Amino acid sequence: MKILQMHVDFIEYTPVKKEISRAEDIEPRTVREDDIVVLFTAFELGDDAELATKAVAETKEFLTKLGTKRVLIYPFAHLSQSLAPPVDALALLLGMEKEARAAGLEVQRAPFGWTKALQIKVKGHPLAEMSRSYSHGEAVVQAPKPKARRELSAEEAMARLKKSDFGNLPETDHRIIGERQDLFSFQEVSPGMVYLHEKGFRLRNILVEFIREELVKGGYQEVSTPSLANTALWRVSGHAAHYRDNMFLTELGSEEMGMKPMNCPSHFLIYKTRKWSFRELPVRYATFDPLYRNELSGVASGLFRVKVLSQDDAHIIATEEQAEGELGKMLDMMERVYGVFGLSYKVKISTRPDDSMGSDEEWERATSTLIRVVKSRGWKYEIKDKEGNFYSPKIDVDIKDSLGREWQLGTFQLDLQMPKRFKLAYTGSDGKEHTPVVLHRTIFGSLERFMGIMLEHYRGVLPVWLSPVQARVIPLSDEHVPYGQAVLGSLVSGGVRAEGDFASGTMGAKIRNAQLQRIPYMLVVGKKEEDSKTVAVRTRGGEQKFGLTVEEFVSSVRKDVTEHR
Ligand SMILES: [Zn+2]
């Protein structure tokens, strides 16, 4: 049995059509539930009432932690490749519902066997999403026969090319903001992945450039590695054993290949191309390469959970003595970065999970180093028992956005395992070979998710330094288009991200349009401006300034950018 559990602000679904002949007979109607824990559930071959009981008991325990009793059981076949026959699945589902009621929970249930249109808004807190899997170890699970895939006709294929529709999400949702500001779209042929339009890609690159400035100051080297690697790489790293279910796998000739879910192993390969002396450490590799993680199927949460993501990722290979100092520098960087966005944060230290590699002594050493670093900064911290990676303990940092929601963004890990597995080495002052340690860190987490959070944090009104378009030139009438174009040219060559609205239309409509897109500055030019070689500046908040020279305007925008306003 596979369960994907989500604590949601709301879920809304509409049964569209019967997917199987055993579908329940119901009157299809739209159902909305607010503030509820949803259990997307798939029953698999070999499941029985005992497993259902176990799942209900664990769910109840979890709901108690969250302080709620409301649960929605939602049959969701997409979670498994080896589904139980529908007749068994329905019986298990009804049994589970009954059991949950008997356990004192307030239970809702979605109909079985229907294709449903689904909208969901997952809460931001760290426990909001969780997946669980139940099986009898010894039960024989038959692999299902792969479905023969029929080739689509040209018309059928064309019909699949559709933009995802978000229906009536609230105005504050980043998917609505993204659509309105022409930042990105989601397409049905790439489920759970984002298409960044020009302005969205610009926003991503502004974030990347911001981190790059920190990388230069911090002595990092930026690198890039292939998306695809033979699974031998993931066997050495342990991902093949611990993460295989979430990897995208494919074949190249007779070899099995995997899309990279993490950058670390690839960075180690670069390190291993030459010998290193202790004098050259630490080596700091940074990258913004895309990563591929098949973590969820079919559930839309926009940029908050995408299958193809990029991190502001880095790996520092250092001697163990250097680890503490390097961790300190990373946390300094994190403080600077979060400070610019006005984000407050909380620190947690995640300790050794049950399913992990290495000795107790190593975990103790690594964990106590993390605690020492955090304590030395006078920070309060919480211990998250057994929530570390399979290879290292970590410092996790949760930020709080302007809506009071918490998000886990930054993570800082001290890893004593991967260096041994990859046989990383350096020559010490004693002339002998030693094993370094690896620090893994990311500050934004996923750039895509961070963009989504920031769009909601700023309610779509991005500060000037982050705005993909900082200024739009609007001529008062057609005869002022040439002057408007000259102004635009000066803005662009002055480094302002600017565009012009030179199409026909009234100035009022053009201003409303720019305001709707939350463009910080509108530069209106008419006869007066043309004669005096100036611009009239109108902010998105409605303030106006007349008689500015283009140079004055450019330098005020530059000031906004350098001061991150
Ligand atoms: Zn890593």
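Data block above holds the structure.
First things first, this report covers the structure right here in the doc. (Residues numbered from 1 in each chain as written. Predicted model: local features only at pLDDT ≥ 70, side-chain atom pairs only at ≥ 80, totals over all residues. Heavy atoms only, no water.)

It is the contact of helix α1 (residues 49-66) with helix α2 (residues 86-102), at a shortest axis distance of 9 Å, that shows an interaxial angle of 40°. Accordingly, the angle class assigned to the pair α1 and α2 is oblique. Like other packed secondary-structure pairs, α1 and α2 cross with a definite hand, here right-handed. On α2, the residues that touch Ala 49, Ala 52, Thr 53 and Val 56 of α1 are Leu 92, Met 96, Glu 99 and Ala 100. (Axes fitted to C-alpha atoms, helices over the stretch in contact; angles between N-to-C directions. Helix = DSSP H or I, 4+ residues; strand = E, 2+ residues; numbered from the N terminus. Parallel < 35°, antiparallel > 145°, perpendicular 65-115°, else oblique. Left-handed = near helix turned anticlockwise from the far one by under 90°. Contact = heavy atoms within 4.5 Å.)

Our focus in this paragraph is helix α9 (residues 323-340). Along an α-helix, a turn takes 3.6 residues, which lines up residues three or four apart on a common side. Over its 18 residues, α9 extends 26 Å from the first C-alpha to the last, a length consistent with the 26 Å expected when each residue adds 1.5 Å. Two residues or fewer past α9, Gly 342 is found with a positive phi of approximately 65°. (Expected span 1.5 Å × (residues − 1).)

Inspection of every chain in the model, using the stated rule, returns 47 salt bridges. Among the ionic pairs, Glu 12 bridges to Arg 32, the shortest N-O distance being 3.9 Å. Here Glu 12, found in strand β1 (residues 2-18), pairs with Arg 32, found in strand β2 (residues 31-42); they are 20 residues apart in sequence, far enough to count as distant. Here Lys 123 ties to Asp 35 by a salt bridge, and the two come within 3.1 Å at their closest N and O atoms. Here Lys 123, found in the loop between β5 (114-122) and β6 (129-133), pairs with Asp 35, found in strand β2; they are 88 residues apart in sequence, far enough to count as distant. (Salt bridge = Lys/Arg side-chain N within 4 Å of Asp/Glu carboxyl O.)

The next thing to look at is the coordination of the zinc ion. Ideal geometry at a metal centre: 109.5 degrees between donors when four sit tetrahedrally, and 90 or 180 degrees when six sit octahedrally. Looking at the zinc ion, the protein donor atoms are Cys 264 (SG), His 315 (NE2) and His 440 (ND1), and they sit 2.1 to 2.3 Å from it. Here the donor residues of the zinc ion are spaced in sequence according to C-x50-H-x124-H. Taken together, the residues Cys 264 in helix α8 (residues 264-271) and His 440 in strand β22 (residues 437-446) connect sequence positions 176 residues apart. In this pair, the class of Cys 264 matches that of His 440, namely buried. (Donors = N, O, S within 2.8 Å, 3.2 Å for Na, K, Ca; no water. Buried < 20%, exposed > 50% of the residue type's maximum accessible area, 1.4 Å probe, protein only.)

Below, the discussion takes up α1. Taking 1.5 Å per residue as the helical rise, α1 with its 18 residues ought to reach 26 Å, and the 26 Å between its terminal C-alpha atoms agrees with that figure. Buried within α1 we find Leu 51, Ala 52, Ala 55, Val 56, Thr 59, Phe 62 and Leu 63. Viewed end-on, α1 has its buried residues packed into an arc of 135°, placing them on one side of the element. Within α1, the exposed residues directed more than 90 degrees away from the buried face are Glu 50, Glu 61, Thr 64 and Lys 65. On its buried face, α1 is in contact with β1, β2, β3 (70-75), α2 and β6. Directly beyond the C-terminal end of α1, a positive phi value near 70° is found at Gly 67. (Arc of directions from axis to C-beta.)

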